[in-house]
Amino acid sequence: MKNPNHKNLLSDGRHYDLLNKRVIDDIPFYIQQATKHGDPMLELACGTGRVTIPLAESGINITGIDISESMLSHAQAKTKKKKVTIEWIKADCRDFKLNEKFNLIIFPFNTIAILEDLKSVESCFLCVRNHLNDNGRFIIDFFNPQLDILTKDPNECDVIAKYSDPDGKGIIIVAESHFYDAASQISRVKNYYMIGNQKEVGVDFNMRIFYPQELDALIRYNGFTIEDKYGNYDETPFISESPKQLIVCCKSET
Ligand SMILES: C[S@@+](CC[C@H](N)C(=O)[O-])C[C@H]1O[C@@H](n2cnc3c(N)ncnc32)[C@H](O)[C@@H]1O
């Protein structure tokens, strides 16, 4: 593939949105949670505003932080076309200080997987505590890890999306392979992009895997009390077969 930008598709907001255009089932859940717990709301690692923008459109006062300039500028450009106001802030979710506290802080779409080590988890959760009102809620959405999927042959490559290139270069096929390192609980993901018969290797990324009891313990030992743990966006209880770990927590009393 000749266009070198394709190597960075993951941080190109246009490609991110096309890759994830079918992911919308979490949005009604967050609107429902905002109805229960109120705003202002903060989204950690908001990316292109996939969640942030529809929540703002439903009347929620929401701020988004993300570490990536390019994802935020795409989010900003999308916001300009809508009748909403959203504060977009470039910040690292492991180390941020904003001039506001929130009634709801959300960490959607498995993005807690960026917290690869204990120090990152502790510093992120401390920032969340510092920015949460006393009666506020923190919501984490992470999948329920399945060992057979994690330990799949790393030489096997699965197609995860097909979409039209926003620069008009044809259909893009995105495929992934995973290598799971059980000691660090990190799944190393390799991306491949194909247009026509040309294949390009994308930027690799890591996903830290959080098992159910471990995630609950991390939340508890970092000053939060788990109020609800759902297995999916329909708020059914978390069980072994659940696709998701959807955890609603509040600050523990000190
Ligand atoms: C999978 S996307 C999720 C975007 C959005 N929350 C959603 O649900 O579509 C992950 C996002 O995390 C951001 N990110 C990665 N490391 C980060 C960090 N340390 N602090 C803040 N954002 C980070 C990336 O720039 C990217 O936009």
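The structure displayed is predicted, hence computed values, not measured ones.

Looking at the environment of Asn-191
Topologically, Asn-191 is positioned in strand β8 (residues 186-195). Residues contacting Asn-191, with those up to four places away along its chain left out, are Leu-10, Val-174, Ala-175, Glu-176, Glu-200, Val-201, Gly-202, Val-203, Asp-204 and Phe-205.

Observations regarding the site of the ligand
Tyr-16, Glu-43, Ala-45, Arg-50 and Asp-66 are the nearest of the 18 residues found near the ligand. Taking Ile-67, its main chain carries an N or O atom lying 3.2 Å from a nitrogen atom of the ligand. Within the backbone of Cys-93, a nitrogen or oxygen atom sits 2.9 Å from a nitrogen atom of the ligand. Of the residues in the shell around the ligand, the class split is 10 nonpolar, three polar and five charged.

So, helix α7 (residues 212-221)
Taken as a whole, α7 has its buried residues at Pro-212, Leu-215, Asp-216, Leu-218 and Ile-219. The buried side chains of α7 occupy one side of the element, clustering within an arc of 160° when seen end-on. When the buried face of α7 is taken as reference, the exposed residues oriented beyond 90 degrees from it are Gln-213 and Tyr-221. If you follow the buried residues of α7, they end up packed against α5 (118-131), β5 (132-143), β11 (224-230) and β12 (244-251). Where α7 ends, the next residue or the one after it, Gly-223, has phi of about 90°, a positive value.

Brief notes about the sheet that holds strand β2 (residues 62-66)
Sheet architecture is open: seven strands sit in the order β3-β2-β1-β4-β5-β12-β11, paired in mixed fashion. Strand pairing shows two members of the sheet lacking a second neighbour, β3 (87-90) and β11, which therefore form its edges. In this sheet, adjacent strand axes meet at a mean angle of 20° when their direction is disregarded. One ladder, built from three bridges, connects strand β1 (residues 41-44) with strand β4 (residues 102-107); its direction is parallel. Each bridged residue has a counterpart across the sheet, and for Met-41 the counterpart in β4 is Leu-104.

Digging into helix α2 (residues 27-37)
Here α2 has its buried residues at Ile-27, Phe-29, Tyr-30, Gln-33, Ala-34 and His-37. Buried residues of α2, seen end-on, are gathered within an arc of 155° and therefore sit on one face of the element. Away from its buried face, by an angle of more than 90 degrees, α2 presents the exposed residues Pro-28 and Thr-35. Once α2 finishes, Gly-38 follows within two positions and takes phi at roughly 85°, a positive value.

Considering the pattern of salt bridges
This structure, assessed with the given rule, holds 16 salt bridges. The residue Lys-152 makes a salt bridge to Glu-156 at a minimum N-O spacing of 3.7 Å. On the basis of relative accessible area, Lys-152 is assigned to the partly exposed category, the value being 30%.

Quick word on the nonpolar core
Soluble globular proteins: nonpolar side chains tend toward being buried together. Formed by 36 residues in total, the largest nonpolar core has its most connected members in Leu-44, Phe-107, Ile-112, Phe-125, Phe-138 and Ile-219. Of all the secondary structure elements, the ones that give two or more residues to this core are β1, β4, α5, β5, α7, β11 and β12. With five residues, the single largest contributor to this core is α5. The contact partners of Ile-112, leaving out residues within four places of it in the chain, are Phe-107, Phe-125, Ile-140, Phe-142, Phe-210 and Leu-215. Judged by nonpolar contacts, the second largest core, of 24 residues, contains Ala-75, Val-84, Ile-86 and Leu-246.

Structural notes on the domain arrangement of the chain
With domains assigned, the chain is organised as domain 1 (11-144 + 210-251) and domain 2 (147-207). Using only C-alpha atoms to locate each centre, domain 1 and domain 2 end up separated by 24 Å. Between domain 1 and domain 2, the contact holds 10 residues from the first and 15 residues from the second. Ranking the residues of domain 1 by area buried against domain 2 places Leu-19, Glu-116 and Tyr-211 at the top, with a combined share of 44%.

Rules used throughout
- Residues numbered from 1 in each chain as written.
- Predicted model: local features only at pLDDT ≥ 70, side-chain atom pairs only at ≥ 80, totals over all residues.
- Heavy atoms only, no water.
- Helix = DSSP H or I, 4+ residues; strand = E, 2+ residues; numbered from the N terminus.
- Contact = heavy atoms within 4.5 Å.
- Near = heavy atom within 4 Å.
- Polar contact = N/O pair within 3.5 Å; in protein donor to acceptor, adjacent residues only side chain to side chain.
- Nonpolar A, V, L, I, M, F, W, Y, C, P; charged D, E, K, R; others polar.
- Buried < 20%, exposed > 50% of the residue type's maximum accessible area, 1.4 Å probe, protein only.
- Arc of directions from axis to C-beta.
- Pairing = 2+ DSSP bridges.
- Axes fitted to C-alpha atoms, helices over the stretch in contact; angles between N-to-C directions.
- Salt bridge = Lys/Arg side-chain N within 4 Å of Asp/Glu carboxyl O.
- Core = buried A, V, L, I, M, F, W, Y, C linked by side-chain atoms within 4.5 Å.
- Domains from an automatic or database assignment.
- Buried area = accessible area lost by both parts, 1.4 Å probe.

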